[in-house]
Amino acid sequence: MENLLEIKNLKTYFYSENGVVPAVDGVSITIKKGETLGIVGESGSGKSVTALTAMRLTPGKVVEGSINFNGKDLLTLSDEAMRKIRGKEIAMIFQEPMTSLNPVFTIGNQIAEALKTHMNFTKTKANERAIELLELVGIPRPERIVKEYPHQLSGGMRQRVMIAMAMACNPSLLIADEPTTALDVTIQAQILDLMRDLKKEHNTSILMITHDLGVVAETCDRVCVMYGGKVVEESDVHEIFNNPKHPYTQGLLKSIPSLIDSEEETRLYSIEGNVPIPGTLRGGCHFAPRCEFAMNICHTEVPSYKEVATGHFSRCWLHEVEDEEVQNEANIS
Ligand code: SF4
Ligand code: MG
């Protein structure tokens, strides 16, 4: 599969009175055509800032790195060229559709607007297509819904409208930032199903940003785990769930209720300590203050990103120790 998006060594920093905050600190990720990549991590891990930087919508400053999308370097494109890509080739959906839908325009008008701007549709054609799109995302009686305003719809319906808008121009990349977090479980499952179907039908690549490993399991082909502005582990989704290598990923997995044997004690594991406040991070492994395996070196030196199995990468000093032990055993025998 061909790569659609390649982010290399991206650093997005925020400059505040209290100093420099490296929100994204050397992130490299690749999304192939037709693939769904999950970025998972707690809030403040840098996952949303990574996505916003790719859209050139971050208020932070990109101090290093490159973002290649379909052969174009997004960081050096003109604002005008970037505007054309946004919405047409890369679309984004957010957690709370109310903040991205305009309350004073009807649903139909808002979808039609995107079609007129990016696809040069006539008004009549745009209106017809708006109804088709609402049908596509499973909205009943779309002829009626196009005439309604966002506040007249339920949260689940609004999220469907957002997806319809995002899919309007048939983008090659859809960035979904916590798209189902505000919804109840049943509606969440329906929305994820819908996204999966759309991806299959249109070969859309999806960047799924979430703190929820359940969502990752449902939708993703591959997953990157972020912590403190860095990717700490990456592999295909099956491998992450069955063979997690990084202590942070292991902790996240242990805290999912559905993975705990119901016969066993049902108390949920939670990772001790708090998510680091960006800007207070010191050298070494960012997870060290919360890690039960932390060694001296973890507090001072940043571990390298190692391929621990084919296509499976992890950033942890334990892998160096393991390698050394294997080496020593080999020497002894
Ligand atoms: Fe824990 Fe050290 Fe690995 Fe960081 S590098 S996750 S502190 S063992
Ligand atoms: Mg976020």
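Just so you know, these numbers come straight off a predicted model, no measurement behind them.

Analysis parameters
Residues numbered from 1 in each chain as written. Chains lettered and ligands numbered in written order. Predicted model: local features only at pLDDT ≥ 70, side-chain atom pairs only at ≥ 80, totals over all residues. Helix = DSSP H or I, 4+ residues; strand = E, 2+ residues; numbered from the N terminus. Buried ≥ 20, exposed ≤ 12 C-beta atoms within 10 Å, placed from the backbone. Contact = placed C-beta atoms within 7 Å. Near = placed C-beta within 6 Å. Nonpolar A, V, L, I, M, F, W, Y, C, P; charged D, E, K, R; others polar. Pairing = 2+ DSSP bridges. Axes fitted to C-alpha atoms, helices over the stretch in contact; angles between N-to-C directions. Domains from an automatic or database assignment. Core = buried A, V, L, I, M, F, W, Y, C linked by C-beta atoms within 7 Å. Expected span 1.5 Å × (residues − 1).

**Remarks on the overall build of the chain**
Move 1: A tally of helices and strands in the chain yields twelve helices and twelve strands.
Move 2: For the chain, the spread of C-alpha atoms along the three principal axes comes to 80 × 55 × 45 Å.
Move 3: Relative to its 333 residues, the chain shows a buried fraction of 40%.
Move 4: A separation threshold of at least 6 residues defines the contact pool for the chain, and within that pool the share at least 24 residues apart is 63%.

**Considering the site of ligand 1**
Move 1: Neighbouring ligand 1 are 13 residues; C285, A288, C291, C298 and C316 lie closest to it.
Move 2: Split by residue class, the shell around ligand 1 holds 13 nonpolar, no polar and no charged.

**Focus on the sheet that holds strand β5 (residues 72–73)**
Move 1: With antiparallel pairing, four strands are arranged side by side in an open sheet as β2-β1-β4-β5. Bordering the open sheet on either side are β2 (19–32) and β5, each of which pairs with just one other strand.
Move 2: By the bridge criterion, eleven bridges tie strand β1 (residues 3–16) to β2 in an arrangement that is antiparallel. Paired with S16 across the two strands is G19, which belongs to β2.
Move 3: Against the sheet, helix α1 (residues 47–54) contacts β1, β2 and β4 (61–69), and its axis sits at roughly 110° relative to β1.

**A closer look at unusual backbone geometry**
Note on backbone geometry: most residues besides glycine have negative phi, and most peptide bonds are trans.
Move 1: Even without being glycine, E178 reaches a positive phi, approximately 50°.
Move 2: Unusually for a residue other than glycine, N203 sits at a positive phi of about 55°.
Move 3: Assignment of secondary structure puts N203 in the loop between α8 (185–202) and β8 (205–210).
Move 4: For N203, a count of 12 C-beta atoms within 10 Å corresponds to the exposed category.

**So, the environment of L198**
Move 1: Mapped onto the elements of the fold, L198 is located in helix α8.
Move 2: Residue L198 is classed as buried on the basis of its C-beta count, with 20 C-beta atoms lying within 10 Å.
Move 3: When the C-alpha positions of L198 and M167 are compared, they lie 8.5 Å apart, and in sequence the two are 31 residues distant.
Move 4: When near neighbours in sequence (up to four residues on either side) are disregarded, L198 contacts M167 and T204.

**Some details on the domain arrangement of the chain**
Move 1: Its domain assignment divides the chain into domain 1 (3–89 + 169–332) and domain 2 (98–168).
Move 2: Just the C-alpha atoms count here: the centres of domain 1 and domain 2 sit 31 Å apart.
Move 3: Contacts between the two partners involve 14 residues from domain 1, matched on the other side by twelve residues from domain 2.
Move 4: When the residues that make up the side of domain 1 that touches domain 2 are grouped by side-chain class, the tally is eleven nonpolar, two polar and one charged.

**Structural notes on the nonpolar core**
Move 1: Core analysis: the largest hydrophobic core is formed by 83 residues, its most contacted members being I111, L134, A164, A166, L207 and V225.
Move 2: A total of eight residues in this core trace back to one element, the largest contributor, which is helix α7 (residues 155–167).
Move 3: When residues of this core are assigned to domains, at least three map to each of domain 1 (3–89 + 169–332) and domain 2 (98–168).
Move 4: Ignoring any residue separated from it by four or fewer positions in sequence, one finds A164 in contact with I111, L133, L134, L136 and V137.

**Here's the deal with helix α12 (residues 317–332)**
Move 1: Given a rise of 1.5 Å per residue, 16 residues ought to cover 22 Å, and the 23 Å separating the end C-alpha atoms of α12 matches this to within 8%.
Move 2: Of all 16 residues in α12, one are buried; the element is thus mostly exposed.

**Topic: the sheet that holds strand β7 (residues 173–177)**
Move 1: Spatial strand order, β6-β7-β8-β3-β9-β10-β12-β11: eight strands in an open sheet with mixed pairing. Only two strands of the sheet have a single partner each, and these edge strands are β6 (90–93) and β11 (305–309). Sheet twist, expressed as the average angle between the axes of neighbouring strands with direction ignored, equals 20°.
Move 2: Against the sheet, α1 touches β3 (36–40), β7, β8 and β9 (222–227), its axis set at about 145° to β8.

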